[in-house]
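What follows is the residue order along each chain.
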Amino acid sequence: MPGIEESIGDSAMADPSSSSAGEERIALSEVVSALSFALDMTEDAVPGHAVRSCLLGMRLGAALGLDESQLHDLYYALLLKDIGCSSNAARMCQILGGDDRKAKREVKTVDWTRPTLAGIRMAWNNALPCASAGRRARRLIWLAMTQNRHNAEMIGLRCERGADIVRKIGLSDQCADAIHSLDEHWNGSGYPQRSRGELIPLLSRILGVAQHLDVFACEQGRNRATDTLAERSGTWFDPNLVRLAVSLHKTGTLWAGCGTEEERSRAMELEPGTIRVIASEQVDQVCEAFADVVDAKSSYTYRHSLGVTEVADGMARKMGLSAARRTLIHRAALLHDLGKLRVPNSILDKPGKLDPAEWLVMREHPGLSEQILARIPSFAPIARIAGRHHEKLDGTGYPNGLVGDALSLEDRIVALADFYGALSEDRPYRQAMPAEEILSLLRAQVPHKFDANCFEALMAFVDLQVYPTILIASQTAPAMGLVRATAI
Ligand SMILES: [Fe+2]
Ligand SMILES: [Fe+2]
């Protein structure tokens, strides 16, 4: 399969929305900047965090006089810096015994490299928040004793995974390295390698500064963002970069475009050199990468999106659908659960029944998938299918309780594939079900809840015994470093 680089030729100079002979052409920046909003959700960041970090970091890169190739790597590293973020969510939830998203947000404004009152308060608020004071105190002591080991593990998981995914999309080693070293600190107090000074890639140092500026600006204002940046100069951050950022802040140019309605389109315009235009195969690669991000959020859903896609693809083939419709189904199945990145692992991995408040959070995820995907105009049909993957023909589904004809054939295929996929995987509250048992359970729900033709196609597909590979894969999740957070 060709990488993104190979898709770039002279023709890429053309308007990315143009196409010849129906061939799909889409700007990589358009897809990546839109999907970066899913990464913001995982980190509980203010929506647009990755895009604003991109605006800030590119301003620093330009002021440093980086060449076009460096700026290009920096650009995609800034947009995708959090792409490994879902891989440590389950483990963080297990270690803290609380909400991984809340902890991820709060830790960003605390200097966790040294004991501070703010750090102790943050740990206290997030460790076993529903337990007795005694249990919480014991957990806090344990966290303090194991902090270095856990930091190395958490950040290591995130960095390795992030760099791997970026390479898989076809971006450069320099871009992957920038993401891998995002959490290194100038004085060697960072992770995963305790690198220091100029041994840390320059692009990583810019990522760190840009990230800090946006997080603090959103939480505490722009002046406080540059003040705290200066306070950490020489410890967390490269002093030269801090001086540059503070000077751009004083001249009023640092924040241009941030906090406006147009911040995403401004970020898209900042892509250095020729706009990268990708063709159909590379669009699929990006969708698969983001499906990986979703699946890595929990060991129970490990390979869920890929498994659902395998089933939906098989059903669509059995039904003899056109290539264009199959492409639509393929991408919608890959990205249907994008909104789950906003669901804390304390809910996703809960061993028991969800309470009403938790259920409300869970019910939001199809709508969130739709909202994120709708940011890409050519993905509008994909967004619609993703937003309907929990709807049922009799109106008992969610989030909108749509009925019958309101659901297209594509909606029905993805919804059935998702239901089948979910039942074939372990969940914290039940074991995976064998294929025959799932089919018999589904048969009782046809045609009032699920489409009869789709069910026929599913049975024909399952008969081919392709799907058992997914069951095997789901059992390898713990071996891949994905923990089951049942010890909360
Ligand atoms: Fe879902
Ligand atoms: Fe799903």
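Definitions and cut-offs
Residues numbered from 1 in each chain as written. Chains lettered and ligands numbered in written order. Predicted model: local features only at pLDDT ≥ 70, side-chain atom pairs only at ≥ 80, totals over all residues. Heavy atoms only, no water. Phe/Tyr/Trp six-rings, centres within 6.5 Å; stacked < 30°, edge-to-face > 60°. Helix = DSSP H or I, 4+ residues; strand = E, 2+ residues; numbered from the N terminus. Lys NZ or Arg CZ within 6 Å of the ring centre and 35° of its normal. Donors = N, O, S within 2.8 Å, 3.2 Å for Na, K, Ca; no water. Buried < 20%, exposed > 50% of the residue type's maximum accessible area, 1.4 Å probe, protein only. Contact = heavy atoms within 4.5 Å. Salt bridge = Lys/Arg side-chain N within 4 Å of Asp/Glu carboxyl O. Tetrahedral: all angles 85-135°; square planar, octahedral: opposite > 155°, others 65-115°. pLDDT = per-residue confidence, 0-100.

Caption draft 1: Here's a closer look at the packing of aromatic side chains. Within this structure, the stated rule accounts for four aromatic pairs. With 5.5 Å between their ring centres and 70 degrees between their planes, tryptophan 359 and tyrosine 398 make a pair best called edge-to-face. With tryptophan 359 in helix H18 (residues 356-363) and tyrosine 398 in the loop between helix H20 (380-387) and helix H21 (409-423), this residue pair connects regions lying 39 residues apart in the sequence. The ring of tryptophan 236 carries the charged tip of arginine 232 above its face, separated from the ring centre by 4.2 Å. Against the face of phenylalanine 37 rests arginine 375, its NZ or CZ located 3.7 Å from the ring centre.

Caption draft 2: Broad picture of the coordination of the iron ion (ligand 1). For the iron ion (ligand 1), every protein donor is listed as Asp337 (OD), His365 (NE2), His389 (NE2) and His390 (NE2), and the spread of their distances is 2.2 Å. The metal-metal distance between the iron ion (ligand 1) and the iron ion (ligand 2) is 3.5 Å, with aspartate 337 serving as a donor to both. Placement of the pair is aspartate 337 in the loop between helix H16 (323-335) and helix H17 (345-348) and histidine 390 in the loop between H20 and H21, with a sequence separation of 53 residues. Judged on exposure class, the residue aspartate 337 and its partner histidine 390 are both buried.

Caption draft 3: How the structure looks around the environment of leucine 341. The residue leucine 341 is located in the loop between H16 and H17 in this model. Sequence separation of leucine 341 and lysine 297 is 44 residues, and the distance between their C-alpha atoms is 7.1 Å. Every residue in contact with leucine 341, bar those within four places of it in the chain, is listed here: Ala38, Met41, Thr42, Ser86, Arg101, Val293, Val294 and Lys297.

Caption draft 4: How the structure looks around the pattern of salt bridges. One pass over the full model with this rule turns up 20 salt bridges. Across the pair aspartate 82 and lysine 81 runs a salt bridge, and its minimum N-O distance is 2.8 Å. Owing to a relative accessible area of 1%, lysine 81 belongs among the buried residues under this scheme. Of the charged contacts, one joins arginine 205 and aspartate 238 as a salt bridge, the two residues approaching to 2.7 Å between their closest N and O atoms. Of this pair, arginine 205 sits in helix H10 (residues 202-220) while aspartate 238 sits in the loop between helix H11 (222-231) and helix H12 (239-250), placing them 33 residues apart in sequence. By sharing partners, the salt bridges in this structure join Glu43, Lys81, Asp82, Arg158 and Asp183 into a single network.

Caption draft 5: Structural view of the coordination of the iron ion (ligand 2). In this structure, His304 (NE2), His336 (NE2), Asp337 (OD) and Asp418 (OD) serve as the protein donors to the iron ion (ligand 2), at separations of 2.1 to 2.3 Å. In this structure, the iron ion (ligand 2) is surrounded by four donor atoms whose angles at the metal cover 85 to 173 degrees, and the resulting shape is irregular.

Caption draft 6: Geometry of the confidence of the model for the protein chain. With 90% of its residues at a pLDDT of at least 70, the protein chain reaches an overall mean of 86. Contacts for the low-pLDDT stretch residues 484-488, under 50 throughout, to residues beyond four places or in other chains number 14 contacts.

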